[in-house]
Amino acid sequence: MSDKVSALNSLISLQIKPGDFLPATEAEKKQQVVMRDSISFMRDALKRLSRNKLAMVCLCVILVIMLIAFVVPYFYPYTYQQQDVVSAYTRPFQYSAKEQTRIANGEKVFPHIMGTDALGRDYAIRVIYGTRISLLAGIVSAVIVIIIGIIYGSVSGYLGGKVDLIMMRVVDIIYSLPDVLIVILLSVAIQDMIRSSTNELIQRLGAGMVSIFIVFGLLYWVSMARQVRGQILSLKEQEYALASRAIGTSAARIIRTHMIPNCVSIIIIIAALQIPSAIFTESFLSFLGLGVSIPMPSLGSLASEARTGLQSYPYLLLFPAISIFSIVLSFNLLGNGLRDAFDPKLRS
Amino acid sequence: MSYKFGLYILKRFGMAFLTIFIVIFMTFFIMHAIPASPFSSEKARTDATIAALEAKYGFDKPLPVQFVNYLRGVFVFDFGLSTAWVGYTVFDLIKGGLSYSMRIGFSAAFIAIVFGVLLGALAAINRDRWVDKIIQLITTALVSLPSFVVATLFLLIFGLWLRWLPTISTNPGGLVMPVAALALYPMAYITRLERSSMLDVLGQDFIRTAHAKGLSKFKVLFKHALKCAVSPVITYAGPMMAYILTGSMVVENIFSVPGLGRLFVNSMLRTDYMMIMGVTIFLTLMIVVMNFLSDVLYKIMDPRIDLE
């Protein structure tokens, strides 16, 4: 009884008994050490991404397709414009009469993996080049969107006030423009101007590609700018930004070193989801005949050409269709995976 | 309703008006930045003929005057004369194509909304069960297929291989395939939208209350949950309109529907600048009006949304 009372008394009076305190044993000390290494946000997110099997499969598919699209043309025996009208409409893995005589003469003829088209061009290399164009459209658009969107959004968000108001009104207006119509309009106009251009790269890519890039630069960055601005609006109120300002860091440096690294998740997510939409736009325009200029193939123009003789030669449609489907599907699923990994709050 | 709501409508209206004006401005000056005259590419004509033609179409006046004249015309749907289809005004041609495009477009939108909402709700109710998984698998695949691939595959499978449907739109049943090809992408999109919104609603307190007070499961789902979950779909109406209008350019070409989309593509091929301008502005008008309506409707349906 008295034990309890004294214990109660010591509790109430908060008297400290030195005998209660002992030096910690080694085992106890060890327990206090933080077990986990500190992990940067990026590594944490990448770890989460690598646990997402579907996203990893898609990443592998994209890498394989990229590898094929950018490497195979260098040692493939046919080129995308090499015509051989006698061998037109050869089915996959078959040889035309002319090639059969060549084989009979002891020559080695590389098989047409996907057959040949109406002009006897090897279809596999054309599909590979078309895939290359699609990937190019997607990646270039992502780069454009990242650069313009980040600069615009961070300036608008960091400066705030009237500047922000005006800059965001501009974004609102651009956001409401019908983008595909503007792309079409510009490519019609640019097509005419480019015909006289002597720049070889522009000539090879065609008016459509150039105008697509211009339109991405003009229109597509707005959602990126909006998100980056929103992020920076809240980030600039944080104490570390204040501290940085207090020691006299310039605005540009604060944005570069403190703001943008904190926006990285939103930047990655939006850029990844931008790629499939750019690929859609490019193939759509090429299908209408406004994309790359002949003879450069694009998945859209290949599908469009496949419509003549569709019943007899359906493989001319199926190969580009499968290619575009697998690219866009992989990018979509990878984008979802990135969203889950980098922004767990957004997980649907 | 309230003063604030009126102000919101006014602001949105001003924005819509500005958008249309900017598109008219851009369209006009982009088209006039092209060095070639619409008459120079055709058969050899004397300078006098070209001058006479330019005078007829008003191309000889200074550019700002042309712009003001054009702007004045647009307000009464007068987009000028077509240069490729001689003797027709641009608006005549638009009107001719519009009836086909409207029929296809609205049927596609209707199918997309009805099936999208139903499938989305079905997926949400059966969350993580095989029904949900199958629906998610199919919609993910569908949003990865461009409209031209869907349309050409339809043509190949149902038109040429199975021979279930006519490949030319003017035959009976000929509009089934174009409508289906146009509807699939927005349907898949709406399904995903509706699924996540329905999941959101199903987790809320008033649904538990509705269950608790003994309402039948059917009534809870369809009367209470679905009503709330459907409002995000309304915000998609504007983008869907844009998708259907641009998608119809491809689909109408593939199935030879004499609609607005095919007209637009043909005027591009024939470099009829008056038509390109007219149709672009007309399509923009439709998209902007749809965006405006869907924003206002969304606000009416869900008054909790902050008006800012």
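Since we're looking at a predicted model, the values are computed, not measured.

Student: Which parts of the structure should I look at to understand the pattern of salt bridges?
Tutor: Pairs can form between side chains of opposite charge whenever their charged atoms are close. Across all of its chains, the model carries nine salt bridges over all chains by this definition. One salt bridge in this structure joins Asp172 of chain A and Arg226 of chain A, with 2.7 Å as the shortest N-O distance. Of this pair, Asp172 of chain A sits in helix H7 (residues 161–176) while Arg226 of chain A sits in helix H11 (residues 222–235), placing them 54 residues apart in sequence. Judged by its relative accessible area of 31%, Arg226 of chain A is partly exposed. Between Arg208 of chain B and Asp205 of chain B there is a salt bridge, with the nearest N and O atoms lying 3.0 Å from each other. Here the residue Arg208 of chain B and the residue Asp205 of chain B both occupy positions in helix H8 (residues 205–212), the gap between them amounting to three residues, near one helical turn. Judged by relative accessible area, Arg208 of chain B falls into the exposed class, the value being 58%. Several salt bridges share partner residues, and in doing so they unite Arg169, Asp172 and Arg226 of chain A into one network.

Student: Explain the domain arrangement of chain A here, please?
Tutor: A common way to express how large an interface is: the accessible area buried when the components associate. Residues and elements named next belong to chain A. Domain parsing of chain A yields domain 1 (43–79 + 127–346) and domain 2 (83–120). Contact residues are listed per partner, giving 10 residues for domain 1 and 14 residues for domain 2. Interface of domain 1 and domain 2: buried area, both sides summed, is about 990 Å²; carbon and sulfur atoms make up 66% of it. Contact with domain 2 buries surface across domain 1, with Tyr78, Tyr313 and Tyr315 losing the most and accounting together for 49% of the total. The interface formed by domain 1 and domain 2 includes zero salt bridges. Our enumeration of links across domain 1 and domain 2 arrives at zero residue pairs in polar contact (both at pLDDT 80 or more). Residue composition of the side of domain 1 that touches domain 2, grouped by class: eight nonpolar, two polar and no charged.

Student: How should I be thinking about the environment of Gly278 of chain B in this particular structure?
Tutor: Residue and element names in this part refer to chain B. Structurally, Gly278 can be placed in helix H13 (residues 273–301). It is 9.1 Å that separates the C-alpha atoms of Gly278 and Ile24, two residues lying 254 residues apart in sequence. Ignoring sequence-local partners within four residues, the contact set of Gly278 consists of Tyr70, Phe79, Val90 and Ile94.

Student: In this structure, what is going on with helix H6 (residues 123–159) of chain A? I would like to understand it.
Tutor: The α-helix winds at 3.6 residues per turn, so residues separated by three or four positions along the chain end up facing the same way. Residues and elements named next belong to chain A. Taking 1.5 Å per residue as the helical rise, H6 with its 37 residues ought to reach 54 Å, and the 53 Å between its terminal C-alpha atoms agrees with that figure. Of all 37 residues in H6, 27 are buried; the element is thus mostly enclosed. The opening residue of H6, the one whose side-chain oxygen lies 3.4 Å from the backbone nitrogen of Ala124, is Asp122. At the C-terminal side of H6, Gly160 shows a positive phi close to 65°.

About the thresholds
Residues numbered from 1 in each chain as written. Chains lettered and ligands numbered in written order. Predicted model: local features only at pLDDT ≥ 70, side-chain atom pairs only at ≥ 80, totals over all residues. Heavy atoms only, no water. Salt bridge = Lys/Arg side-chain N within 4 Å of Asp/Glu carboxyl O. Helix = DSSP H or I, 4+ residues; strand = E, 2+ residues; numbered from the N terminus. Buried < 20%, exposed > 50% of the residue type's maximum accessible area, 1.4 Å probe, protein only. Domains from an automatic or database assignment. Contact = heavy atoms within 4.5 Å. Buried area = accessible area lost by both parts, 1.4 Å probe. Polar contact = N/O pair within 3.5 Å; in protein donor to acceptor, adjacent residues only side chain to side chain. Nonpolar A, V, L, I, M, F, W, Y, C, P; charged D, E, K, R; others polar. Expected span 1.5 Å × (residues − 1).

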